[in-house]
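Residues per chain, in single letters:
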Amino acid sequence: MEEIKGQEEKSERSLNFIEEIIEDDLRNNVNESRVHTRFPPEPNGYLHIGHAKSICLNFGLGKKYQGKTNLRFDDTNPVKEDVEYVDSIMEDVKWLGFDWEDRLYYASDYFEQLYEYAIILIKKGKAYVCDMSAEEISETRGTPSRPGKESPYRSRSVDENLELFSRMRAGEFPDGSKVLRAKIDMASPNMQMRDPVLYRILHATHHRTGDTWCIYPMYDFAHGQSDSIERITHSICTLEFEVHRPLYDWFIREIGIYAPRQIEFARLNLSYTVMSKRKLLELVQEKQVKGWDDPRMPTICGLRRRGYTPESIRNFADTIGVAKRDNVIDVSLLEFCIREDLNKKASRIMAVLNPVRVIIDNYPDGIVEEMEAINNPEDETKGKRHLPFSKEIFIERDDFMEDPPNKFFRLAPGREVRLKAAYIIRCERVVKDPGTGEITEIHCTYDPQTKSGMPDSNRKVKGTLHWVSAKHAVEAEIRLYDRLFSKENPDDAEEGKTYKDYLNPDSLKLITAKVEPSVRNAGISEKYQFERIGYFTVDYDSTPENLVFNRVVPLKASW
RNA sequence: UGUCCCGUGGUGUAAAGGUAGCACCAGAGAUUUUGGUUCUCUUGGUCUAGGUUCGAAUCCUGGCGGGACAACCA
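Residues numbered from 1 in each chain as written. Chains lettered and ligands numbered in written order. Predicted model: local features only at pLDDT ≥ 70, side-chain atom pairs only at ≥ 80, totals over all residues. Heavy atoms only, no water.

Enquirer: Explanation requested: the packing of aromatic side chains in the structure shown.
Expert: Counted under the stated rule, the structure contains 23 aromatic pairs. Centre to centre, the rings of Tyr115 and Phe165 are 4.8 Å apart; their planes meet at 15°, and the pair counts as stacked. Residue Tyr115 is found in helix α5 (residues 111–123), and its partner Phe165 is found in helix α7 (residues 158–169); the two are separated by 50 residues along the sequence. This pair shows no difference in class: Tyr115 is buried, exactly as Phe165 is. With a centroid separation of 5.5 Å and an interplanar angle of 55°, the aromatic rings of Phe389 and Tyr423 are classed as tilted. Placement of Phe389 in strand β14 (residues 384–389) and of Tyr423 in the loop between β16 (416–419) and β17 (424–432) is noted, with a sequence separation of 34 residues between them. Phe389 sits in the buried class, given a relative accessible area of 0%. In textbook terms, an aromatic cluster arises when at least three aromatic residues are bridged by ring pairs, as seen for Phe111, Tyr115, Phe165, Tyr199, Trp213, Tyr216, Phe221, Trp250 and Phe251. Arg304 extends its terminal NZ or CZ atom over the ring of Trp95, reaching a point 5.1 Å from the ring centre. Here Arg483 stacks its cationic end above the ring of Tyr272, 3.9 Å away from the centre of that ring. (Phe/Tyr/Trp six-rings, centres within 6.5 Å; stacked < 30°, edge-to-face > 60°. Helix = DSSP H or I, 4+ residues; strand = E, 2+ residues; numbered from the N terminus. Buried < 20%, exposed > 50% of the residue type's maximum accessible area, 1.4 Å probe, protein only. Lys NZ or Arg CZ within 6 Å of the ring centre and 35° of its normal.)

Next comes the structure, spelled out in structure tokens:
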């Protein structure tokens, strides 16, 4: 019953253009009505939120159409790749909540098969060994508006090509001395079709195949064929590969193997951050951030450490949709997604980030009351907890004003406020530091009849403040994160500037806060809402002796 | 100055020739022991010029604008 309803709701939702293609294929019984996708990262860096979009898309499609999704490492360039990245990528995909089951593959698994495919092309006269240098090849490729020139080696005989290619594999030639090229069309308006390189010589140790190979296939010669070998039905990639599609199809056709269909979508751009691997790497290497998992980074591991949940990221990916036009998603949508999730899940606690001491003059000395507080008003099952209350407490300095404007609902001389889960208090006077003029103590009186739950506590007061008992509060390091860049699109730099000129100098502020004692033993990654402030998570650096919280996102503030 | 792709509120994304909808953002109000949440409401859009049609965001043509492609990277 539940399930039928769920399916109905799903089918009512409009399809994105990829789903339309798939459903069309399903209707026409293309690929025996199978759906098989793949997520194909190169293990040369950490995954970011843009990859999350692709992961959610590919695995989401597999699930939606009762198909399968592979994880495949596109590891054809040994000089850039490393197992460190393989491991982190697997961790991130799992954390996001997806499962490739037994379908973990590597392009390097197919090196032998790919080599055989190359032989097929050579034998058909569709590939040749070229002795030109990289510079020469580049020079003779032409420009987008001018045709290229054919290589003098283009007309080598099949036998000579076969022999040369075999000797390339055998390690007889140094790096860069020869390549295998497809023989297509040097005058093609599509640059990708101007005799692209299929294999290059690289005497480098591969993280999986070691020194077995000294020739490595290029992306174009590996990707489509890998898709074909895995019998991928819909090979989904980003827009910049659109011009590669004719080549993708050409290889498949000329080799004569199963033909997957490549479909391109627009990659995710997020405001106030950068997404390119090169730039993220630079930020890490130049120590602009503390590492790949710095909570300001748009990496999956950064977002995880920041306190984002897999659900929130999946929901984000769902909400932004999939299309072909370039887009920049506002971070506020990402923030909305994590607030929405954490609002339901996070226990509320009281924490005072910028404390000022309040003394309740008419409250008895030496008494400690246990106040009952609701853990999550959105979820009754989360229960209640007890908070110590005493004569001296801390409130936020911002929650007091000596000379308040009329829309200020908080504490001020002569005004009453409610202390959440405790009493209504009235400010009587303040004590200032004679030197600096800074307020050091706020003296109040409380109304004993207004303890939460008592009839008089229903009295209307304008403001409700959070607080912690001075004697019982625990100190905690708080890391207040803000957007990494102060410019919406840091890539759009003015003359003579780079994206790094727009780094936000205030993207991290460290403070020491007073938090309620119940969180003393909070576990790593535990999420909380600091009442009236924002969502926070326990950082990896945190210990019971030295609590550390990261601010995930502030609460929405509307005044 | 070639080929290809793309133009819908501020940002995303729907509408497959027939009422331009949804989400975020912004603004207003109600509720609230969180200035949170929840609820209600509001502002605001089809790049442009023609054409086809009873009717065009949708089809056609031109223009304009944005993007991709000239790594032995992916």
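Enquirer: Just to check I follow, could you spell out the pairing of strand β5 (residues 179–182) for this structure?
Expert: Across a regular strand the side chains alternate sides, sitting on one face of the sheet and then on the other. The side-chain alternation of β5 yields two buried faces, one formed by Val179 and Arg181 and the other by Leu180 and Ala182. Bridge analysis of strand β4 (residues 127–130) against β5 gives four bridges, and the strand direction is antiparallel. Along β5, the bridge assignment pairs Val129 with Leu180. The pairing of β5 with strand β6 (residues 197–201) spans three bridges and is antiparallel. Among the inter-strand pairings, Val179 is bridged to a residue of β6, identified as Arg200. (Pairing = 2+ DSSP bridges.)

Enquirer: Looking at this structure, how should I read the pairing of strand β12 (residues 355–360)?
Expert: As defined by bridge partners, β12 adjoins strand β15 (residues 392–396) across five bridges and the pair is classed as antiparallel. Each residue of the ladder has a partner; that of Val356, found in β15, is Ile395. Taken together, the four bridges between β12 and strand β18 (residues 439–447) define a ladder with parallel strand orientation. Its bridge partner being in β18, Ile360 is matched across the sheet by Cys444.

Enquirer: Can you walk me through the protein's contact with RNA strand B in this structure?
Expert: What surrounds RNA strand B is a group of 69 residues, the closest being Arg348, Ser452, Gln529, Arg532 and Ser558. The contact atoms of RNA strand B, taken as those within 4 Å of the protein, divide so that sugar and phosphate hold 63%. With respect to RNA strand B, the backbone of Gly176 contributes an N or O atom lying 2.9 Å from a base nitrogen. Here a base oxygen of RNA strand B and a backbone polar atom of Ala421 are 3.0 Å apart. Going through the elements one at a time, α6 (134–140), β6 and α13 (331–345) are the ones with two or more residues in the surface near RNA strand B. Of the residues that constitute the surface near RNA strand B, the class distribution is 26 nonpolar, 21 polar and 22 charged. (Near = heavy atom within 4 Å. Polar contact = N/O pair within 3.5 Å; in protein donor to acceptor, adjacent residues only side chain to side chain. Nonpolar A, V, L, I, M, F, W, Y, C, P; charged D, E, K, R; others polar.)

None of the figures reported here should be taken as evidence of function without further support.
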